[in-house]
Amino acid sequence: MSIELLTDDNIALAAKLLDSGDIVALPTETVYGLAADSYNEKAIAKIFAVKGRPLFNPLISHVADLEMANKFAIFCNKAEKLAQKFWPGPLTLVLPVRDDTKISSLARAGLPSVAIRNPHGVIAKLSNMLERPLVAPSANRSGFLSPTTAQAVYEDLGSKIPLIIDGGACKVGVESTVIKINEEGEAFLLRAGGLAVEDIEDCLQQKLKAITVQKAIEAPGMLVSHYSPNKAIRINATSVNEGELLLAFGKSRISGFEKAAYCLNLSPSGDLVEAASNLFDYLHKLDNLKGDKVIAVEPISNEGLGQAINDRLQRAAAPKD
Ligand code: TXA
Ligand code: MG
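Because the structure is a prediction, the values reported are computed rather than measured.

On to the site of ligand 1, then. Surveying the vicinity of ligand 1 reveals 25 residues, the closest of which are Thr-30, Arg-53, Asn-57, His-62 and Ser-176. Relative to its unbound accessible surface of 680 Å², ligand 1 loses 98% to contact with the protein. When contributions to the shell around ligand 1 are tallied by element, the ones reaching two or more residues are strand S4 (60-62), strand S6 (113-117) and strand S10 (187-191). Among the elements that line the shell around ligand 1, the one with the most residues is S6, at three residues.

Encoded structure:
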């Protein structure tokens, strides 16, 4: 296993490994993904094994562009509009899959839909080189934090994967927003993420529907205690207890902050985009500190990317199953 820089030679090496059925960790603008050839069942099975991911939880297929996406998923007008406006970017569309698809049904967990995304950067380039989609869940053990640096991938999965491409820290820092559009043209928010819900609603000129329990079962990545660090987390803290670790946000501090053993501020200026980009990295850093300390998190506004940040924090704080 090795960590290699994002150079043409290493991209060629990644292409070779992927083409021969191996898995490679790659940076995207959201988080690092663990990629495999979407046509290759054995390669996809490796992803599930390495992550310890339940087989009923489907993967996202990453494409080079909208033209490639169209070969695998059926785009209604609304889906087309979203893709035109936000791709490449942190938006995943769950759409009806085409009957003749070569994307493995293992990747889709046997569902009649496919989650598809055109990301920025090297994974789109590799998809273009191999002329097929690449599946890639976040490059972490199932149920643990998503990695936003090559180092975080290495710490979680290092010994189990042949190659990690280091493209620096991920700009967005939380996973893509997942939207499902059904055959009736109804749009559902399955996962808040790196693209603000308000921007999607503006583009569609309609409100997104809240996910029902049934829909949640369709996206079991929404398991309540997903994204758990090892340490206990206390969200929306209004004061700090002696010796706690503080994950702060914005200019003003909650009471008792001087009692914190250590403090990281997601965004001293209160910028939610900056906070999202730091979220997993800072949770990793606090989680890696010695001792059985509690992480207290200051309240974070629920607007824009704040919705995705609060969603991840709630999952991280939920009791482990
Ligand atoms: O930003 C991201 O989305 C990252 C990067 C690597 O692209 N990927 C990522 O993948 O977060 P993953 O596997 O950790 O999360 C994908 C989510 C899961 O909640 C999964 O259940 C859901 O998408 N999903 C995938 N296919 C689906 C489908 N056909 N129907 C409903 N949900 C689906
Ligand atoms: Mg994940």
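The next point concerns helix H4 (residues 77-86). Those residues of H4 that fall on the buried side of the exposure criterion are Ala-79, Leu-82, Ala-83 and Phe-86. All buried residues of H4 project into a common sector of 95° when viewed along the axis, lining one side. Opposite the packed face of H4, turned more than 90 degrees from it, sit the exposed residues Asn-77, Gln-84 and Lys-85. Looking at the buried positions of H4, the neighbouring elements they touch are helix H3 (66-70), strand S5 (91-96), strand S9 (177-181) and helix H7 (197-204).

This part is about the packing of aromatic side chains. Scanning the entire structure with this criterion turns up two aromatic pairs. Judged by centre distance (6.4 Å) and plane angle (45°), the rings of Tyr-39 and Phe-72 are tilted. In this pair, Tyr-39 sits in the loop between strand S3 (33-37) and helix H2 (41-51) while Phe-72 sits in the loop between H3 and H4, placing the two residues 33 residues apart along the sequence. The side chain of Arg-141 reaches across the aromatic face of Phe-144, ending 4.0 Å from its centre.

Across the sheet, which stays open at both edges, the four strands sit in the order S11-S14-S12-S13 with parallel pairing between neighbours. Two strands close off the open sheet at either side, each with one partner strand: strand S11 (233-234) and strand S13 (262-265). Where strand S12 (residues 245-248) meets S13, four bridges bridge the pair, whose relative direction is parallel. Note on S13: the bridge partner recorded for Leu-246 is Cys-263.

Pairing in this open sheet of 10 strands is mixed, and the strands run S1-S8-S2-S3-S7-S4-S6-S5-S9-S10 from one edge to the other. Where the open sheet ends on each side, the last strands, each with one partner, are strand S1 (2-5) and S10. Relative to S6, S5 runs antiparallel, the two sharing four bridges. Pairing of Pro-96 across the sheet is with Ser-113, part of S6. On top of the sheet, helix H1 (residues 8-19) reaches S1, strand S2 (24-26), S3, strand S7 (134-135) and strand S8 (163-166); it is set at about 145° to S8, its chief contact.

What follows is about the environment of Asn-288. Along the chain, the position of Asn-288 falls in helix H9 (residues 272-288). Once you skip the residues sitting within four places of it in the chain, Asn-288 turns out to touch Glu-155 and Lys-231. A distance of 3.3 Å separates the side chain of Asn-288 from the side chain of Glu-155, its partner in a polar contact.

Conventions used here
- Residues numbered from 1 in each chain as written.
- Chains lettered and ligands numbered in written order.
- Predicted model: local features only at pLDDT ≥ 70, side-chain atom pairs only at ≥ 80, totals over all residues.
- Heavy atoms only, no water.
- Near = heavy atom within 4 Å.
- Areas by Shrake-Rupley, 256 points an atom, 1.4 Å probe, with all protein chains shown as cover.
- Helix = DSSP H or I, 4+ residues; strand = E, 2+ residues; numbered from the N terminus.
- Buried < 20%, exposed > 50% of the residue type's maximum accessible area, 1.4 Å probe, protein only.
- Arc of directions from axis to C-beta.
- Contact = heavy atoms within 4.5 Å.
- Phe/Tyr/Trp six-rings, centres within 6.5 Å; stacked < 30°, edge-to-face > 60°.
- Lys NZ or Arg CZ within 6 Å of the ring centre and 35° of its normal.
- Pairing = 2+ DSSP bridges.
- Axes fitted to C-alpha atoms, helices over the stretch in contact; angles between N-to-C directions.
- Polar contact = N/O pair within 3.5 Å; in protein donor to acceptor, adjacent residues only side chain to side chain.

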